[in-house]
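Chain and residue survey
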Amino acid sequence: MFGSLRKRMGICSFKKERSHIEIQRRMTNLQDARRIGILYMLEDVPDYERVSEFVTELQHEHKEVKALGFVKNKNLISRFLPKLSFDFFSTKDLTWFYKPVHTTVRDFIEIEFDILIDLSLQDCFPLKYISGLSKSFCKVGRFSEENSSYYDFMIDSKSSTSFKEFLGYVKHYLSIINCDAKSIQ
């Protein structure tokens, strides 16, 4: 009960902050994007390796990529190798209302990514906070009614979808988007 009260207060504070920002929207596919931001919840080594492979794949295509992982257990951060394009934050970097306050989070929010991809498969307020305040032009994440105010493009997945499958869906759909198509009137 106490945790849900803290979360509700955090959401109210977040909505107030979000109402004061103006964000430009522009749909972009993976081919045309130059700067890509990736948000993810870091729970185990295989997911970290999949994100790392995805980042490397994008960098080989001459994309500027920045990945930010949220680790629920602050002791797990030491298990993952720090890399130039990767930053992490943990529960110790959250306020009492679950707002992320680490400097890497503030810096990440300020970057104008062509695409921001949230790879989290479950609701995570700190990652929604970052997505909601990000200055990115196109925000992509998992489909849910609640997420419709945070993301420009959502991918529907079953509750049984694995991280690997969801990452595959993201790559597929962001590769086939035709941003040059004329809208039908």
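Our structure is the block above this text.
Before going into details, it helps to say that this report is about the structure given with it.

Moving on: the packing of aromatic side chains. For any pair of aromatic rings, geometry is given as the distance between the ring centres together with the angle between the planes. Enumeration according to the criterion identifies 6 aromatic pairs in this entry. Taken together, a centroid distance of 6.1 Å and an interplanar angle of 40° make the contact between Y48 and F88 tilted. In this pair, Y48 sits in helix α2 (residues 45-60) while F88 sits in strand β3 (residues 86-90), placing the two residues 40 residues apart along the sequence. Looking at Y48, the relative accessible area reads 6%, which means it is buried. Relative to F89, the ring of F70 has its centre 4.9 Å away and its plane inclined at 35°; by these criteria the two rings are tilted. With F70 in strand β2 (residues 64-71) and F89 in strand β3, this residue pair connects regions lying 19 residues apart in the sequence. For F70, a relative accessible area of 3% corresponds to the buried category. These aromatic residues form a ring-pair network of at least three members: Y48, F86 and F88. We note R26 situated over the ring of F137; from NZ or CZ to the ring centre the distance is 3.9 Å.

Attention now moves to a nonpolar patch on the surface. There is a patch of nonpolar side chains on the surface, built from L5, M9 and W96 and spanning about 270 Å² of accessible area. Tracing the backbone shows W96 in the loop between β3 and α3 (103-110). Classification of W96 as partly exposed rests on a relative accessible area of 41%.

Rules and cut-offs
Residues numbered from 1 in each chain as written. Predicted model: local features only at pLDDT ≥ 70, side-chain atom pairs only at ≥ 80, totals over all residues. Heavy atoms only, no water. Phe/Tyr/Trp six-rings, centres within 6.5 Å; stacked < 30°, edge-to-face > 60°. Helix = DSSP H or I, 4+ residues; strand = E, 2+ residues; numbered from the N terminus. Buried < 20%, exposed > 50% of the residue type's maximum accessible area, 1.4 Å probe, protein only. Lys NZ or Arg CZ within 6 Å of the ring centre and 35° of its normal. Patch = residues over 30% accessible without salt bridge, like charges linked within 9 Å, V, L, I, M, F, W, Y side chains within 5 Å. Areas by Shrake-Rupley, 256 points an atom, 1.4 Å probe, with all protein chains shown as cover. Salt bridge = Lys/Arg side-chain N within 4 Å of Asp/Glu carboxyl O.

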